Amino acid sequence: QVQLVESGGGLVQTGGSLRLSCAVSGRTITNTHMGWFRQAPGKEREFLGAISGIGGRTYYVDPVKGRFTISRDNSKNMVYLQMSVLKPEDTAVYYCAAKPGTFVIPMTTREYDYWGQGTQVSVSS
């Protein structure tokens, strides 16, 4: 059984930083694309970025490009989302997701097979 568990969320002031972690169990993250999403109250879950299973290529959407960085540690089966210069509009529940074995980095919720339970990030103004 594949499980993803996010951690590291919390309350931070505008301009601050947080690092979210995603611990994966039940399968190796090698050859698995790992994505990060967020969902604010009353809004749809949105894709933030992902890191490829092979080669570690990263992709980010424009609102977070240059502020967020995704990394992975295959030896620990962990994925990270480093967030900096946080803004109030970054307030949301953040989710990691996994998609084994494809060539193209998935960018939509329906393409990912496994999800964590989410961790709350709140940015105060």
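So, here is what we can say about the structure in this document. In this text the structure is predicted, and so the values were computed from the model without any measurement.

## Remarks on the side chain of Lys99
- For Lys99, the location among the structural elements is in strand β9 (residues 92–100).
- By relative accessible area, Lys99 is classed as buried at 19%.
- At a separation of 3.4 Å, a polar atom in the side chain of Lys99 contacts the side chain of Asp113.
- Lys99 has contacts with Thr32, His33, Pro106, Glu111, Tyr112 and Asp113, leaving out every residue within four places of it along the chain.

## Observations regarding the packing of aromatic side chains
- Taken as a whole and judged by the stated rule, the model has 6 aromatic pairs.
- Between Phe37 and Phe47 the ring centres are 5.4 Å apart and the planes differ by 65°, which places this aromatic pair in the edge-to-face class. Separated by 10 residues along the polypeptide, Phe37 in strand β4 (residues 32–39) and Phe47 in strand β5 (residues 46–51) bring together distant segments of the chain. Residue Phe37 shares its accessibility class with Phe47, and that shared class is buried.

## A closer look at the state of the cysteines
- Under the definition given, this model contains 1 disulfide.
- Each sulfur in the disulfide pair Cys22 and Cys96 lies 2.0 Å from the other. The sign of the 60° torsion about the S-S bond sets the Cys22-Cys96 disulfide as right-handed. Taken as a pair, Cys22 in strand β3 (residues 18–25) and Cys96 in strand β9 lie far apart in primary sequence, 74 residues in all.

Rules of the game
- Residues numbered from 1 in each chain as written.
- Predicted model: local features only at pLDDT ≥ 70, side-chain atom pairs only at ≥ 80, totals over all residues.
- Heavy atoms only, no water.
- Helix = DSSP H or I, 4+ residues; strand = E, 2+ residues; numbered from the N terminus.
- Buried < 20%, exposed > 50% of the residue type's maximum accessible area, 1.4 Å probe, protein only.
- Polar contact = N/O pair within 3.5 Å; in protein donor to acceptor, adjacent residues only side chain to side chain.
- Contact = heavy atoms within 4.5 Å.
- Phe/Tyr/Trp six-rings, centres within 6.5 Å; stacked < 30°, edge-to-face > 60°.
- Disulfide = S-S within 2.5 Å.

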